[in-house]
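Coordinates in review
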Amino acid sequence: MPTIYDAIKADHDQHRSLLNEIGETSGDSAARQNAWSSFYHDVKSHAAAEEETFYSKLISKTWGQDAARHSVHEHQQLDDLMEELNEMDMSSSGWLTKFKTLKHDYEHHMDEEEEEVFARAKEVIDESEIEGYGARFEARKKEERDLIDEKKEDSLED
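Residues numbered from 1 in each chain as written. Predicted model: local features only at pLDDT ≥ 70, side-chain atom pairs only at ≥ 80, totals over all residues. Heavy atoms only, no water.

**A few points about the environment of Phe 54**
Mapped onto the secondary structure, Phe 54 falls in helix H2 (residues 30-59). Here Phe 54 falls in the buried class, since its relative accessible area comes to 0%. Separated by 63 residues in sequence, Phe 54 and Val 117 have C-alpha atoms that sit 10 Å apart. (Helix = DSSP H or I, 4+ residues; strand = E, 2+ residues; numbered from the N terminus. Buried < 20%, exposed > 50% of the residue type's maximum accessible area, 1.4 Å probe, protein only.)

So, in structure tokens, the structure goes:
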């Protein structure tokens, strides 16, 4: 089973790949729609699982609180951008401009998490305390993804 750090990093690598894939598409194409949908749903479930497992543990440690709060705040800002993009016409220049902002901000967030937050977490959370958190993260992410899929199905039925 992967460590929490490996599980989060694996998601980040997938998200970087999807961001690049989306950036190479144009207009309201099926390729852009599919890549965006994959990115959107995976990031939503990733962020929820990360906050409920990794950040909840980090915030319980005094020295990790600022890093955790900062990252959770960035999650909210990124979520707001993704919701704005969902409401926009993918073929508009405004969509691409906002997407580039999201890509830049999210890449910054991932880099900061991997380089600074992970380092701080490893200093304040003993390995024995966080053992099994990779599995918890993966399970929570799946639960969140199932909830997102249920909501999507419900909205299609309405």
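**Description of the packing of H2 against helix H4 (residues 93-124)**
Two numbers describe how H2 lies on H4: the axes approach to 13 Å, and their chain directions differ by 30 degrees. With respect to each other, H2 and H4 are oriented roughly parallel. Where H2 crosses over H4, the two elements pack in a sense that is left-handed. On the side of H2, the interface is formed by Arg 32, Trp 36, Phe 39, Val 43, His 46, Glu 50, Phe 54, Tyr 55 and Leu 58, while H4 contributes Trp 95, Leu 96, Phe 99, Leu 102, Tyr 106, His 109, Glu 113, Val 117, Phe 118, Ala 121 and Val 124. Classifying every residue of the contact of H2 with H4 gives 15 nonpolar, two polar and three charged. (Axes fitted to C-alpha atoms, helices over the stretch in contact; angles between N-to-C directions. Parallel < 35°, antiparallel > 145°, perpendicular 65-115°, else oblique. Left-handed = near helix turned anticlockwise from the far one by under 90°. Contact = heavy atoms within 4.5 Å. Nonpolar A, V, L, I, M, F, W, Y, C, P; charged D, E, K, R; others polar.)

**Remarks on the layout of surface pockets**
Roughly 240 Å³ of volume is contained in the largest pocket. Residue assignment for the lining of the largest pocket shows that the elements contributing at least two residues are H2, helix H3 (65-87) and helix H6 (133-157). Taken together, the residues that form the lining of the largest pocket break down as eight nonpolar, three polar and five charged. (1 Å grid on protein atoms, 1.4 Å probe; cavity = no way out; pocket = protein on both sides within 12 Å on 5 of 7 lines; lining within 4 Å. Points joined across faces, edges and corners; volume = space filled by probe spheres on them.)

**Structural notes on the environment of Leu 102**
One can find Leu 102 in helix H4. Sequence spacing of Leu 102 and Ser 128 is 26 residues, and the spatial spacing of their C-alpha atoms is 35 Å. Every residue in contact with Leu 102, bar those within four places of it in the chain, is listed here: Trp 36, Phe 39, Leu 78, Leu 81, Met 82 and Leu 85.

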